[in-house]
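So the chains spell out like this:
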Amino acid sequence: APSYFKGDKLPVEQVSWCDVTRFANALSRLEGRAPAYEITGDCTVRWVDGADGYRLPTEAEWEYACGAGALASGPVAGAEALGKMAWHWDNAEEMTHAVGQKQANAWGIHDMLGNVAEWCAGLDGKPVVRGGSYNDAPDRVFPGARQVESPDWQMSDPNNPKSKWWLTDGSFIGFRVVREEQPGQ
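Attention in this report is confined to the structure presented alongside it. (Residues numbered from 1 in each chain as written. Predicted model: local features only at pLDDT ≥ 70, side-chain atom pairs only at ≥ 80, totals over all residues. Heavy atoms only, no water.)

This part is about the state of the cysteines. In the structure shown here, the tally under the stated rule is 1 disulfide. Cys18 shares a disulfide with Cys43; S-S distance 1.8 Å. Torsion about the S-S bond of the Cys18 and Cys43 cystine: about 120°, corresponding to right-handed handedness. With Cys18 in helix H1 (residues 17-30) and Cys43 in the loop between strand E1 (37-39) and strand E2 (45-47), this residue pair connects regions lying 25 residues apart in the sequence. Taking the relative accessible area as the measure of exposure, Cys18 reaches 4% and is therefore buried. Look at Cys43 and you get buried, because its relative accessible area is 13%. Between Cys66, a cysteine without a disulfide, and Cys120, which holds the nearest cysteine sulfur, the sulfur-to-sulfur distance is 9.6 Å. Assessed through its relative accessible area of 2%, Cys66 is described here as buried. (Disulfide = S-S within 2.5 Å. Helix = DSSP H or I, 4+ residues; strand = E, 2+ residues; numbered from the N terminus. Buried < 20%, exposed > 50% of the residue type's maximum accessible area, 1.4 Å probe, protein only.)

This is how it looks when you write it as structure tokens:
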């Protein structure tokens, strides 16, 4: 795994948008599903409508799953409440932690907030990360937290041009995949 932090139960991080979309397609092919993305050599990514393969959630899907009908999109009220559900700057000791250690949301989904921010397809189709991470102050870890890709995430990359596969300084960026439920499944 490309991750800065190593461990069997730690989230994968330091992965680029290009890398995670290729991973989603590979996982789809492994399960005999139609890949959700068309990806060109320069890593231009286009979503294939109707594909039954794995993909990154849209921002709307991600925020809906994060809130689980019980959490507003704004900042979480109270440091104690946030600490029960998310790793952030004040409690993470500057590193990721094993997944599933914090309280799940109302739908039983762990780690939607904190630990690593997660790649999503933005409203304009461009990649964004959502939810905040272990590296963010508590007031930046909430369902509506959003960041666009920054050159700072690759400052240490010795390659010229910078790699499309590796975020040398993105140890706070991870992902989760989703797929469409097909009739009869």
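This paragraph deals with the sheet that holds strand E3 (residues 117-121). Taken together, the 4 strands give an open sheet; going across it, the order is E5-E4-E3-E6, and neighbouring strands pair in mixed fashion. At either margin of the open sheet sits one strand with a lone partner, and together these are strand E5 (146-148) and strand E6 (173-174). Where strand E4 (residues 127-130) meets E5, 3 bridges bridge the pair, whose relative direction is antiparallel. Across the sheet, residue Val128 finds its bridge partner in E5, namely Val148. (Pairing = 2+ DSSP bridges.)

Moving on: empty space enclosed by the protein. Inspection of every chain in the model, using the stated rule, returns 1 cavity of 30 Å³ or more. The space that makes up the largest cavity amounts to roughly 40 Å³. In terms of lining, the largest cavity is formed by Ala117, Val129, Arg130, Gly131, Gly132, Asp136, Arg140, Ala145, Arg146 and Gln147. Split by residue class, the lining of the largest cavity holds 3 nonpolar, 3 polar and 4 charged. (1 Å grid on protein atoms, 1.4 Å probe; cavity = no way out; pocket = protein on both sides within 12 Å on 5 of 7 lines; lining within 4 Å. Points joined across faces, edges and corners; volume = space filled by probe spheres on them. Nonpolar A, V, L, I, M, F, W, Y, C, P; charged D, E, K, R; others polar.)

In this structure, Asp136 sits in the loop between E4 and E5. Despite being buried, Asp136 has no salt bridge partner; Arg140 is the closest side chain of opposite charge, sitting 4.3 Å away. A polar contact is formed between the side chain of Asp136 and the backbone nitrogen of Ser133, at a distance of 2.9 Å. Residues within four places of Asp136 in sequence aside, it is in contact with His88, Trp89, Val141 and Gln147. (Lys, Arg positive; Asp, Glu negative; His and termini not counted. Salt bridge = Lys/Arg side-chain N within 4 Å of Asp/Glu carboxyl O. Polar contact = N/O pair within 3.5 Å; in protein donor to acceptor, adjacent residues only side chain to side chain. Contact = heavy atoms within 4.5 Å.)

Interpretation in functional terms is not warranted from these geometric data alone.
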